[in-house]
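# Chain and residue survey
Okay, here's what each chain looks like letter by letter:
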Amino acid sequence: MYRFLLTPRWWGINLFVVLAIPFCVFMGTWQLGRFEDRVQSHEQATKQPDPSTRAAEPLDELLPVDKVTSGRPAVATGTYADQFLVPGRELDDRRGFYVLTLLRTEGGKALPVVRGWLPGTAGSVPVPAAPQGEITVTGDLQASENIHSNGVNARGGLPEGQLGMISAASLVNLVDYDVYDAWITLPEAEAGGAAGPDDALKPVPATAPQGSGLDLKAFQNLGYTGEWFVFAGFVLFMWFRLVRREAETARDVALGLVPEGGEPGVGGAGEVSGASGDGGAAKDGGADGAAEAAGGAKAGGAGEAAGGAVVEVGAGAGAVEAGGGAEASGGAVQGPQGSKTAGTSHGS
């Protein structure tokens, strides 16, 4: 019955199932691993002390930036050089922009320093001037932004002097010196340089490194895990359903209920027993009388055909002779005095 599984058509179906199920399980397991990594990173981050409370260390000792060094206070010495505005940044539910100034260190490499945040539109608000001469800054270390970071403008087309993403890759095309693949944000506002309270730069708080918290992306990984396992179960369910339907069709063909290549109910199924000429009907010659079917009752009597048996041709019982009628053997006729007589009569 299951020989159809060896046909070329089913070889293709079986191959697809054999490849699809392990692939879905692998992808679900991988997504689950990503979720568990995020949970573990979140637990480790909660157990560690606040990075900003640690003692400041030289910048070069904290590079490259990772989940451990992100947020740690870093110290660098140099002079401020080029300055850029980073529009589209929010602070305390207000829209504004960052003021980013490059600090040229003694080695010639520049460190991007976010001196603070101002409300309004970049380019239309006066910006406090950066301190002059050699200075030493201490700020919270941050990794370079990417297109998935909050507030990043990856579309480009910004006016001159503005920057959509704080990263070495975007700054290296705007200046002619090397830039650190990191940046710092000053935890306190700079003294002086502002005309009034509204013009003072507000400190930008450091953000947690990506992938270290239970954010929306972490729960997306968990959702994808469930989807991949559901896909694997669906593939297996559909395979069993197709096999069952094919087996039922093969069984119906073998029983003659469905002709080969036909549809159910066509050419063989549903014939009524006794309707064909083999079931015992009128003999040739045309009978004037009528033979009563098994299980029929004679008017005024209680004679029933025994067991509803089918009368066979040539047996002599229940046959209708030409020009006369005969009752099926096994019936009983109630007489006038209530006595029963043999239920076999002959037509005149």
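Residues numbered from 1 in each chain as written. Predicted model: local features only at pLDDT ≥ 70, side-chain atom pairs only at ≥ 80, totals over all residues. Heavy atoms only, no water.

Moving on, we come to the overall build of the chain. Tallying secondary structure elements over the chain gives four helices and eight strands in all. Seen in sequence order, the chain has helices and strands lined up from the N terminus as α-β-α-β-β-β-β-α-β-α-β-β. Here the chain holds 348 residues, and the buried ones make up 30% of them. For the chain, long-range pairs separated by at least 24 residues make up 64% of all intrachain contacts whose partners lie at least 6 apart in sequence. A total of about 21,700 Å² of accessible surface is found on the chain, and carbon and sulfur atoms cover 55% of it. (Helix = DSSP H or I, 4+ residues; strand = E, 2+ residues; numbered from the N terminus. Buried < 20%, exposed > 50% of the residue type's maximum accessible area, 1.4 Å probe, protein only. Contact = heavy atoms within 4.5 Å. Areas by Shrake-Rupley, 256 points an atom, 1.4 Å probe, with all protein chains shown as cover.)

Moving on, we get to the nonpolar core. Counting residues in each nonpolar core, the largest one holds 18 residues, and the members touching the most others are Phe84, Tyr98, Leu100, Leu102, Val114 and Ile166. Put simply, the parts of the chain that give this core at least two residues each are strand S2 (73–91), strand S3 (94–105), strand S4 (110–119) and helix H3 (168–171). Residues in contact with Tyr98, not counting those within four places in the same chain, are Phe84, Leu85, Val86, Arg89, Val114, Gly116, Trp117, Ile166 and Val204. In this structure, Leu59, Val113, Leu141 and Ala182 belong to the second largest nonpolar core, which totals 17 residues. (Core = buried A, V, L, I, M, F, W, Y, C linked by side-chain atoms within 4.5 Å.)

Our next topic: the pairing of S2. Note: strand S1 (residues 57–58) against S2, two bridges, orientation parallel. For Glu57, the partnering residue across the bridge sits in S2 and is Ala74. When S2 meets strand S5 (residues 134–143), the two strands line up antiparallel, connected through seven bridges. Looking at S5, one finds that Thr77 is bridged to Thr136. Taking the residues between adjacent antiparallel strands as the criterion, S2 and S3 are bridged by two residues, where Asp92 takes a positive phi near 55°. (Pairing = 2+ DSSP bridges.)

A word on the pairing of S5. Bridging between S5 and strand S6 (residues 182–185) involves four bridges; their strand directions are antiparallel. Across the sheet, the residue bridging to Ala143 is Ala182, located in S6.

Under the criterion given, the structure shown has four aromatic pairs. Ring centres 5.6 Å apart and planes at 90° place the aromatic pair Phe23 and Trp228 in the edge-to-face group. Remark: Trp228 occurs in helix H4 (residues 216–254) and Phe23 occurs in helix H1 (residues 8–47); sequence separation between them is 205 residues. When its relative accessible area of 22% is taken as the criterion, Trp228 is described as partly exposed. Between Trp239 and Phe240 the ring centres are 5.1 Å apart and the planes differ by 75°, which places this aromatic pair in the edge-to-face class. (Phe/Tyr/Trp six-rings, centres within 6.5 Å; stacked < 30°, edge-to-face > 60°.)

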